[in-house]
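Structural overview
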Amino acid sequence: MPLKISRRGFLKGSALTAGALSLGTLGALDFRTWAKTNAAAPVRRVPTICNGCGNRCGLFAYVKNGRIWRIEGNPEANGNRGVLCPKGHGYLHDLYNPNRIRSPLKRVDGKFQPISWEQAYQEIAQKINLILMENGPESVFWVNYPQPNHAYALRFMHSLGSPHYFTHGSTCYTARNAAWNHTVGKLPSNDLANSRYILVIGRNPAGGVDLGQVKDIVRARENGAKLIVVDPRHSETAILADEWLPIKPGTDLALLLAMINVMVAERLYDARFVKENTVGFEQLEDEIINYPPQWAEKVCDIPAATIVRITREICRAKPHALIHRGYHGAIGAQYLNSFQTARALAIANALLGNINRKGGIYFAQSAGLGELQPTHPIPAGPAGPKADGTGIPGRYPLGSYGDGISHAIPELALRGILKCGFVYHHNPLRTNPNPKRVIAGYKKLDLLVVIDPVLSETASIAHYVLPASFYLETDEAVDTKHSGKRAQVSIQQKAIEPLFDSRSGFQIICDLAKHLGSARFFNFTLDEANELRLKPLGASLKELRAKGVLAVGPSWKEGIGKLETPSGKVEIASATLEGLGYPAIPRWQEPLVSPDPKDLHAFRLIHGKQAMHTHAMTANQPYLMAISRRYDLIRLWINRSRAEKLSLKDGDMVEIKSLVGEGKIRVKLTEGLHPSCVWLPSGYGVFSKHLTTAYDQGLSYNDFLPTLFDPTVGHAMSSEVIVQVRKV
Amino acid sequence: MARYGMVIDETKCVGCYACRVACQNQNNLAEDEAYNYLEEREFGQFPLFTRVFLPVQCQHCDNPPCVTVCPTGASHKRKDGIVLVTEKDCIGCKYCIAACPYHVRIIRKQGYVEKCRFCVEFVEEGGKPACMTTCMTGVRLFGDLDDPASEIAQYIARNRHRLRPYKGEMNTKPRIFYRKA
Ligand code: SF4
Ligand code: SF4
């Protein structure tokens, strides 16, 4: 659609316009003054990408009177195709949040003092130089929630000689990724739009929002596809489904093993695909006999007849049928058996013959961004492995070296292995399990530098806080997040001038590197770097700037070639896993802990996202928190009949207690939850007093989680916790 | 002259509230002012359970009680069917708020009453309401009911038997048609 501009109040004449224009930035900071006068002001449209969550949706920011007025989805961006979620619309107001940091801060005697950028950089550099001398480069780490500029953070760590670059992955997705890697060679995508039968297990794209996926599901449903949602909770995606199958949490593996059992026993699988493109099917036949649907019914609470029926149905629709590749729930970082569950999920898909097929699981096109060398040489890189043991036999051989195990950072700090850390666009004190332990670990550091627009929990205990610009204030590195059937590049661009003395993440990384003697690895500007990276794609920065996203490279083609696995085929049985001491074929594995069915107060604590909140980042946004309050969303879900046994009524206050934490919260009684668990929405429980809207509202599941590392990839097992629930 | 209307497919709403915030931004509303809301309803017993979100906003009634009770004529019905409030004529008596069976009118902090305006300025320039364009499941369809070529007119022709007014018994003759499961 061409640019359309609303002119509310247009009839009121031009006197108002003149007043509005002279308002300037000061007026723009005050919403009420601005709202009153902005009606007839001219509008500017800037294409950029959202930062309300990790999807980084393409959007157009509309600027009026020097203030962001509204945003609209960019129809070209594959990940959101013209639509936006509530977080996008709400989070833009954080630009004007009075809680924002206005300059670099230094903590002196427990209080923050504003200092200049130069002073901050110099003092940080001096302290790091000492730490480097005493403890070596491995004692320095960087952790971030992935951002387009994370490549530069990695470069920064490597320029110091440290292997310790981390993402939040171990609390999110590392089991899933490892399982897909060891089955088909890499993490695939879902061709939901063209599917005839969609089985979603432990994924909720309508709540943990993935707009493109929801659009595809809706389209597939309109074309007659069937949607089945397996989830202990009636999720937001379940609202769209033909059937909701409330599974007992922690037992998705049993369901998948039984489905595979039926596929094999009734010869429903794609025999030709299995013969030509997989290894280890015979081993699977031998093992899977152990898992008939009658067995699974007792374990997972889904009737055997239902398991048989949905298996027959999905096989009838194959290969245009799929089991969603999954994310955080069930297979990402939840249970002791998450890795095996993800393996079973990948194998079940392969038996449908749907790998890289239309309407099945497919490998998205990837945009190979260019390198910066030879003009800008790459640092040699670290000498040793990561101290968290990722990739090391006997430790976490399947763990992701690239992500690291970031919730091990507090442990490594307590052991004196890590001494100095940079935390960027991430808040481990709130988003890692067992906050008391996390606080102890991060406080043990000799130097903690946090890069954030606000004083998050983690920033609150930092030695230095560097104010990152808000995403609408600054350009950033080019990104490839929106790649799908065609690869796409996208860019974050400045829509308005920074309100305070803040800097972009890219700029801060380069500045830090320069102050630490690594200038030769950062001898480029952002535009130069972006141009070099776009070069092999034949895309120009100018065009990308004008459009916000650009499709590049060839379109996806159906068909399975040689896979990036050791055998080049789908590894139903994996010799690699066997060699490392893990089962070659997925086997049933009990969850680590389970509630005692005789104990009326014992529940498994599970969690999930509501569409209006991202991690702990958006709870401080008044527009989003107003929704939580108005609709009473900050409550613990509990199955009605279980609640009644505890004499609980809707809205009653309960106390939840685990081995490591306790807290009080009101309950929501529902028929839409498996009786063995309680469900806590994530994103609340902010305890930084500097976040005035979010402070002390609700609880976080992390308060109750012990520090755990699963033995395959070292993930957090964040649903392996039993809580006691009592009326107060 | 166009005759505007909307279809809301209540089988598709996943309760994300994007339409609430998109509308707030569009109309420069404060965080606790909203022109639309969701009613959540639950059906059945575990494990046979489902729930529905019903998005509600001004129904742009053809027989609008808010207009009837307004003492100053601030609340009025346009020829194209859109019900509007003229800000300067509103004395803030709140009669219309009490009269509206849909509870969609709010008194703004500035002292006058407002409600969903079908994004009239956007619409006059060929755009669509913000609540419609942001929705990931495509719950809303907006357009000219009198234009047989419009998507909404064709949709209504195809789905007439599934469409109902909300609170039809109030005889308000809404311009929003709800699609039921
Ligand atoms: S944007 Fe769509 S799905 Fe979200 S609440 Fe509004 S109508 Fe429902
Ligand atoms: S919904 Fe309420 S405010 Fe809107 S026209 Fe009908 S009576 Fe008036």
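Residues numbered from 1 in each chain as written. Chains lettered and ligands numbered in written order. Predicted model: local features only at pLDDT ≥ 70, side-chain atom pairs only at ≥ 80, totals over all residues. Heavy atoms only, no water.

1. Looking at the side chain of E236(A)
To be explicit about the condition: Numbering of helices and strands starts at the N terminus; helices are DSSP runs of H or I of at least 4 residues and strands are runs of E of at least 2. In protein, a polar contact means a hydrogen-donor-capable atom and an acceptor-capable atom, both N or O and within 3.5 Å, with residues adjacent in sequence counting only if both atoms are side-chain atoms; elsewhere, any N or O pair within 3.5 Å suffices. Two residues form a contact once any of their heavy atoms are found within 4.5 Å.
Mapped onto the elements, E236(A) comes out in the loop between β10 (226-230) and β11 (243-245). Within polar-contact distance, the side chain of E236(A) engages the side chain of R51(B) at 3.0 Å. Contacts of E236(A), omitting those with residues within four sequence positions, involve N204(A), A206(A), G207(A), K609(A), V14(B) and R51(B).

2. Remarks on helix α5 (residues 117-135) of chain A
All names here are of chain A. In plain terms, the rule: Helices are assigned an expected span. That span is 1.5 Å times one less than the residue count. Using a 1.4 Å probe on the protein chains alone, a residue whose accessible area is under 20% of its type maximum counts as buried, one over 50% counts as exposed, and one in between counts as partly exposed.
Taking 1.5 Å of rise per residue, the 19 residues of α5 would be expected to cover 27 Å, and the 26 Å separating its terminal C-alpha atoms lies within 8% of that figure. Turning to α5, its buried residues number three or more, namely W117, A120, Y121, E123, I124, A125, I128 and I131. Looking at the packing, one finds that the buried side of α5 touches β4 (105-108), β15 (420-424), β16 (447-452), β17 (464-467) and α19 (505-515). Just past α5, the residue G136 takes up positive phi, approximately 80°.

3. Topic: the site of ligand 1
For clarity, the cut-off: A molecule or strand has a residue near it when one of that residue's heavy atoms lies within 4 Å. Charged residues are taken to be Asp, Glu, Lys and Arg, nonpolar residues to be Ala, Val, Leu, Ile, Met, Phe, Trp, Tyr, Cys and Pro, and polar residues to be all remaining types, Gly included.
In the vicinity of ligand 1, 13 residues are found, and the nearest of them are C13(B), C16(B), Y17(B), C19(B) and C135(B). Residue composition of the shell around ligand 1, by class: 10 nonpolar, 2 polar and 1 charged.

4. Some remarks on the environment of A468(A)
Residue and element names in this part refer to chain A. For A468, the location among the structural elements is in the loop between β17 and β18 (486-490). A residue is classified by how much of its surface remains accessible, and A468, at 7% relative accessible area, is buried. Along the sequence, A468 and I451 sit 17 residues apart, while their C-alpha atoms lie 5.8 Å from each other. Here A468 is in contact with R100, I451, D452, P453, S502, R503 and I508, once residues within four sequence places are set aside.

5. Some words on the pattern of salt bridges
To be explicit about the condition: Salt bridge, as used here, is a side-chain nitrogen of Lys or Arg placed within 4 Å of a carboxyl oxygen of Asp or Glu.
In the structure shown here, the tally under the stated rule is 46 salt bridges over all chains. Of the charged contacts in the structure, one is a salt bridge between K12(B) and E222(A), with a shortest N-O distance of 2.9 Å. Of this pair, K12(B) sits in the loop between β1 (4-9) and α1 (18-26) while E222(A) is found in helix α8 (residues 211-222), placing the two residues in two different chains. In this structure, the salt-bridge partner of E276(A) is R272(A), at a minimum N-O distance of 3.2 Å. Of the two residues, E276(A) and R272(A) are both situated in helix α10 (residues 271-277); the distance of 4 residues between them amounts to about one turn of the helix. Using a relative accessible area of 44% as the deciding quantity, one classes E276(A) as partly exposed. Shared partners join several salt bridges into a network, and the residues in it are K226(A), E243(A), R309(A) and E313(A).

6. Section: the sheet that holds β10(A)
Residue and element names in this part refer to chain A. Heads up, the condition is: Strands were regarded as paired on the criterion that DSSP finds at least two bridges between them. Helix axes use the C-alpha atoms of the stretch in contact, all axes being lines fitted to C-alpha atoms, and the angles between their N-to-C directions lie in the range 0 to 180 degrees.
Sheet architecture is open: 4 strands sit in the order β11-β10-β9-β13, paired in parallel fashion. The open sheet is flanked by β11 and β13 (321-323), the only strands paired with a single partner. Sheet twist, expressed as the average angle between the axes of neighbouring strands with direction ignored, equals 10°. Here 3 bridges tie β10 to β11, and the two strands are oriented parallel to one another. Looking at the pairing, V229 lines up with W244 of β11. Helix α9 (residues 252-265) rests against β9 (197-201), β10 and β13 of the sheet, and its axis sits at about 150° to β9. Taken strand by strand, helix α13 (residues 304-317) contacts β9, β10, β11 and β13, and its axis lies near 135° from that of β9.

7. What to know about the pairing of strand β1 (residues 43-49) of chain A
Residue and element names in this part refer to chain A. Burial analysis of β1 places 5 of its 7 residues in the buried class, which makes it a mostly covered element. In the sheet, β1 pairs with strand β2 (residues 58-64) via 7 bridges, with the strands oriented antiparallel. Paired with V43 across the two strands is K64, which belongs to β2.

8. Here we look at the packing of α9(A) against helix α12 (residues 293-300) of chain A
The relative placement of two packed helices comes down to the angle between their axes together with the axis-to-axis distance. Residues and elements named next belong to chain A. In plain terms, the rule: Any angle from 65 to 115 degrees is called roughly perpendicular, while one under 35 is roughly parallel, one over 145 is roughly antiparallel, and all others are oblique. Crossing handedness: left-handed means the near helix sits turned counterclockwise from the far one by under a right angle, and right-handed means the same turn made clockwise.
Packing of α9 against α12 leaves a shortest axis separation of 9 Å and a crossing angle of 170°. One element, α9, and the other, α12, form an angle in the roughly antiparallel class. The handedness of the crossing between α9 and α12 is left-handed. Here α9 contributes A254, L255, L257, A258, N261 and V262 to the contact with α12, which in turn contributes P293, W295, A296, V299 and C300. Per-class residue counts for the contact of α9 with α12 are 10 nonpolar, 1 polar and no charged.

9. Thoughts on the domain arrangement of chain A
All names here are of chain A. Stated formally: Boundaries of every domain are those given by an automatic assignment or by a domain database. Buried area: the sum, over both parts, of the accessible surface (1.4 Å probe) that disappears when the two are put together.
You can read the domains of chain A as domain 1 (1-115 + 469-502 + 524-555), domain 2 (182-364 + 559-579) and domain 3 (602-727). The partner domain 3 presents 15 residues to the 13 residues of domain 1 that form the contact. Summing both partners gives a buried area of about 1100 Å² for domain 1 against domain 3, and 54% of it is carried by carbon and sulfur. Seen at the junction of domain 1 and domain 3, the total is 0 salt bridges. Within the side of domain 1 that touches domain 3, the residues separate by chemical class into 5 nonpolar, 6 polar and 2 charged.

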